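# Understanding the architecture of this molecule
Here is how the chains run, residue by residue.
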Amino acid sequence: MIGSYELIKFKIRGDERGSLIAIEGGYDIPFEIKRVYYIFDTKKGVERGFHAHIKLKQICIAVKGSCTFVLDDGKKREEIKLDRPDKGLFIEGLIWREMKDFSPDCVLVVLASEHYDESDYIRDYQKFLEEVKK
Ligand code: TYD
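An account of the accompanying structure is given in this report. (Residues numbered from 1 in each chain as written. Predicted model: local features only at pLDDT ≥ 70, side-chain atom pairs only at ≥ 80, totals over all residues. Heavy atoms only, no water.)

## Quick word on the site of the ligand
The line we're drawing: Distances are taken per atom, and a residue is near a molecule or strand as soon as one of its heavy atoms is within 4 Å of it. In protein, a polar contact requires one atom able to donate a hydrogen and another able to accept it; more generally it is a pair of N or O atoms within 3.5 Å, and residues adjacent in sequence count only if both atoms are side-chain atoms. Method for areas: the Shrake-Rupley scheme with a 1.4 Å probe, in which residue coverage is limited to the protein chains shown.
Contacts to the ligand come from Arg35, Tyr37, Ile39, Arg48, Gly49, His51, Met99, Tyr116, Tyr121 and Arg123. Here Gly49 contributes a backbone N or O atom positioned 3.0 Å from an oxygen atom of the ligand. Between the ligand and Arg123 there is a distance of 3.3 Å, counted from an oxygen atom to a side-chain nitrogen or oxygen. Compared with its free state, where it exposes 540 Å², the ligand has 59% of that area covered by protein.

## Describing the pattern of salt bridges
Two side chains of opposite charge can pair, provided their charged atoms sit close to one another. Here is the rule: When a carboxyl oxygen of Asp or Glu lies within 4 Å of a side-chain nitrogen of Lys or Arg, that pair is called a salt bridge. Residue burial is assigned from relative accessible area. The probe radius is 1.4 Å, only protein chains are included, and a residue is buried under 20% of its type maximum, exposed over 50%, and partly exposed in between.
Enumeration over the complete set of coordinates arrives at 13 salt bridges. Linking Arg77 and Asp72 is a salt bridge whose minimum nitrogen-to-oxygen distance equals 2.9 Å. Between Glu131 and Lys134 there is a salt bridge, and its shortest N-O distance comes to 2.8 Å. Classification of Lys134 by relative accessible area gives exposed; the value is 68%. Within this structure, Lys9, Arg84 and Asp86 form a network of salt bridges that share partners.

## Examining the side chain of Ser103
Our working rule: Only DSSP runs of H or I with at least four residues qualify as helices, and only runs of E with at least two residues qualify as strands; both kinds are numbered from the N terminus onward. We call two residues contacting when some pair of their heavy atoms lies within 4.5 Å.
Along the chain, Ser103 falls in the loop between β8 (96–100) and β9 (107–112). A polar contact is formed between the side chain of Ser103 and the side chain of Asp105, at a distance of 2.6 Å. Leaving out residues up to four positions away in the same chain, Ser103 has contacts with Gly65 and Ser66.

## Focus on the side chain of Asp73
For Asp73, the position within the fold is in the loop between β5 (67–72) and β6 (77–82). At 2.8 Å, the side chain of Asp73 and the backbone nitrogen of Lys75 are in polar contact. Among the polar contacts listed, one links the side chain of Asp73 to the backbone nitrogen of Lys76, at a separation of 2.9 Å. Asp73 has contacts with Leu94, Ile95, Phe128 and Val132, leaving out every residue within four places of it along the chain.

In structure tokens, the structure reads:
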């Protein structure tokens with residue numbers, strides 16, 4: 001099994017009053033949204049994530065502030081900084097992810113294709129590498 005990720009640019013509907021971004025499940029992103037969660041007030045130096053998902057598809061957006069994703073497909077690691085509300089990171093399939101360098105004001109919104117399900121998580125890196133090889 002393999003995973004993939006890509007950056008998605010959302011359209012900013014700006015006018016003299018300011019900016020607005022609308023994200024519609026199935027149109028602006030390639031799945032229907034079943035769950036939304038957000039990470040905020042992250043303490044200095046904290047790193048989170050350290051897991052992969054089997055089935056879940058997600059879009060991550062730093063709607064305020066910034067943070068860095070470390071993405072690992074089992075072969076290579078890449079860092080992607082999320083620092084704009086119009087920049088979405090789409091993650092699908094088996095990708096190990098870690099999040100770090102949260103700015104104090106960071107609000108990281110995650111749109112997810114499934115309800116919360118602990119059985120969809122792989123929290124052991126060696127197990128993740130074994131799953132990627134299957
Ligand atoms: P956790 O998985 O540790 O967050 P991360 O991997 O992003 O660092 O989640 C923190 C807590 O929140 C944990 O007790 C599980 C719970 N949780 C939910 O109840 N629903 C959710 O949708 C998510 C993502 C987490």
